[in-house]
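Given next are the chains, with one letter for each unit.
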Amino acid sequence: MEFRDLKMQYAQHKKEIDQAIQKVLNGTDFIMGSAVKSLEQKLAEYVGVKHCITCANGTDALQLALMVWNIGMGDAVFVPDFTFFSTAEVVSLCGATPIFVDIDPETFNIDAASLENAIVKVQEEGRLNIRAIIAVDLFGQPADFSEIRKIAEKYQLYLLEDGAQGFGGKIGDDMACSFGDIATTSFFPAKPLGCYGDGGALFTDNDTYADVLRSLRVHGKGADKYDNIRIGMNSRLDTLQAAVLGQKLQFFEDEIERCQVVARHYDTALNDVVKTPVVLQKMRSGWAQYTICLKSNEERNFLQRELAAEGIPTAVYYKCPLHLQKAFEMQLYKVVSCENTERISKTCLSLPMHAYLGAEDMDRICNAVRGALGRYNGE
Ligand SMILES: *Cc1c(COP(=O)(O)O)cnc(C)c1O
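Residues numbered from 1 in each chain as written. Predicted model: local features only at pLDDT ≥ 70, side-chain atom pairs only at ≥ 80, totals over all residues. Heavy atoms only, no water.

1. So, a nonpolar patch on the surface
- Taken together, the side chains of Leu25, Phe30, Ile31 and Met32 define a hydrophobic patch exposed on the protein surface, amounting to about 340 Å² of accessible area.
- Here Met32 is to be found in the loop between helix H1 (6-27) and helix H2 (34-47). (Patch = residues over 30% accessible without salt bridge, like charges linked within 9 Å, V, L, I, M, F, W, Y side chains within 5 Å. Areas by Shrake-Rupley, 256 points an atom, 1.4 Å probe, with all protein chains shown as cover. Salt bridge = Lys/Arg side-chain N within 4 Å of Asp/Glu carboxyl O. Helix = DSSP H or I, 4+ residues; strand = E, 2+ residues; numbered from the N terminus.)

2. A closer look at the layout of surface pockets
- Reported here for the largest pocket is a volume of approximately 460 Å³.
- Phe84, Gln165, Ser186, Phe188 and Lys191 are the residues nearest the centre of the largest pocket, which is lined by 24 residues in total.
- Listed by contribution, the elements that provide at least two residues to the lining of the largest pocket are helix H3 (58-68) and helix H4 (86-93).
- Of all the elements, H3 adds the most residues to the lining of the largest pocket, at three residues.
- Taken together, the residues of the lining of the largest pocket break down into eleven nonpolar, nine polar and four charged.
- Computed from the structure, the second largest pocket encloses a volume of approximately 250 Å³.
- Residue lining of the second largest pocket: 16 residues in total, with Ala20, Lys23, Ala35, Ser38 and Ala243 positioned closest to the centre.
- Listing elements by their share of the lining of the second largest pocket, those giving two or more residues are H1, H2 and helix H8 (239-250).
- With six residues, H8 is the single largest residue contributor to the lining of the second largest pocket.
- Of the residues in the lining of the second largest pocket, the class split is six nonpolar, seven polar and three charged. (1 Å grid on protein atoms, 1.4 Å probe; cavity = no way out; pocket = protein on both sides within 12 Å on 5 of 7 lines; lining within 4 Å. Points joined across faces, edges and corners; volume = space filled by probe spheres on them. Nonpolar A, V, L, I, M, F, W, Y, C, P; charged D, E, K, R; others polar.)

3. Considerations on the sheet that holds strand S4 (residues 129-136)
- Overall, mixed pairing links the seven strands, which are arranged S1-S9-S8-S5-S4-S2-S3 in an open sheet. Either end of the sheet is taken by a strand with one partner, and the two such strands are strand S1 (51-55) and strand S3 (97-101). Averaged over all pairs of adjacent strands, the angle between strand axes in this sheet comes to 25°, irrespective of strand direction.
- Where strand S8 (residues 182-186) meets strand S9 (residues 200-204), four bridges bridge the pair, whose relative direction is antiparallel. Bridged to Thr185 within S9 is Ala201.
- On top of the sheet, H4 reaches strand S2 (75-80), S3, S4 and strand S5 (158-162); it is set at about 150° to S3, its chief contact.
- Those strands touched by helix H7 (residues 207-216) are S1, S5, S8 and S9, and its axis lies near 20° from that of S1. (Pairing = 2+ DSSP bridges. Axes fitted to C-alpha atoms, helices over the stretch in contact; angles between N-to-C directions. Contact = heavy atoms within 4.5 Å.)

4. Some remarks on empty space enclosed by the protein
- All chains considered together, the criterion is met by two cavities of 30 Å³ or more.
- Space inside the largest cavity adds up to approximately 160 Å³.
- Taken together, 17 residues line the largest cavity, and the ones lying closest to its centre are Arg4, Gln9, Pro192, Glu255 and His354.
- Only H1 and helix H9 (252-270) provide two or more residues apiece to the lining of the largest cavity.
- The element best represented in the lining of the largest cavity is H9, accounting for three residues.
- Of the volumes computed, that of the second largest cavity is approximately 90 Å³.
- Lining the second largest cavity are 13 residues; nearest its centre among them are Phe139, Gln141, Pro277, Ser285 and Trp287.

5. Some remarks on the nonpolar core
- Judged by nonpolar contacts, the single largest core of 39 residues is most densely connected at Phe82, Tyr266 and Leu303.
- Sorting the residues of this core by element identifies H9, strand S11 (290-293), helix H10 (297-309), strand S12 (348-351) and helix H12 (359-376) as the ones contributing at least two each.
- Among the elements that make up this core, the one with the highest residue count is H12 (seven residues).
- The contacts of Tyr266, once residues within four sequence positions are left out, are Asn271, Thr276, Tyr290, Leu351, Pro352, Leu357, Ile365 and Cys366.
- Counting residues in each nonpolar core, the second largest holds 31 residues, with Ala65, Val68, Val79 and Leu160 among its members. (Core = buried A, V, L, I, M, F, W, Y, C linked by side-chain atoms within 4.5 Å. Buried < 20%, exposed > 50% of the residue type's maximum accessible area, 1.4 Å probe, protein only.)

Shown next as structure tokens:
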């Protein structure tokens, strides 16, 4: 059994994907080929924004967004404490300071009250300029953008949506990656829409941001790549990856719908023995992860060991709150407590989740979870 079954996906769509790859091999337009442009159009249309700019990976996408806003030394950027390292790494990489904010214990996404608290404190202390918020669509569910947008406007902060896990999610009829002033995603193979290597993209309705991003991703180019008008990066999406993504996008909605079925199955079979994930009304999760919470760290670790012994892969996203990561030790600037993150990082567990998970496997997983928890509780 696979945690995320890329082999089964490939087996089902081998013919179209192979053809798309072969077409690039025949054309040899490996850098910024025609498949890149056509993918950007399709992705912009899917998300419902004016511009999509692809790049080399989801981390570069975040960094490029911060570069558009000239975020650097002396700036504060607010990030959730519970997310993948990249979200805060790019802030430090730009020379700015990440300010860690606690999460909502139901959705795992940045908590609006904790966020406002942190903003006010940093503002009062007056050592840093408050500049931007990065809200993450963790595990596939969009962050609560109606609340976060209000806070961003009140304090005049840029809002960056880290939709690396959120692609395919929705709030009402609006797609994830349409909520930030700029939004980013990742096409890392295990993400909701994955390619066959590294890839990423940015989304925005703002024409100026889009122009600057197209320049930044190719060495800050002006008229061409040998006319350099700003310091940029080398961060392009390979044509081969764009061709793979172009094919995968065609059955992406199908996959997201199948993930809803898997999630409902888990919910029904497990909600009396573990804390199953909460998806708020009006939201659709893209189910990058299906993450349950146990009562204690011991129970979580016991369950993970027992499932592994039965050949069921699980993962802990994330074991360590970002404010406790060694990399941030030297510049740690913490203004609010992050107790939800601290508790949840000890008790969360992600179960296998993908569109190709069959009823038999789901039953096997749920029975194994129930059996292990029965043994743990001495039943
Ligand atoms: C995966 C991920 C990233 C980074 O994406 P890469 O393509 O691996 O660089 C950033 N943020 C979050 C929340 C992620 O899950």
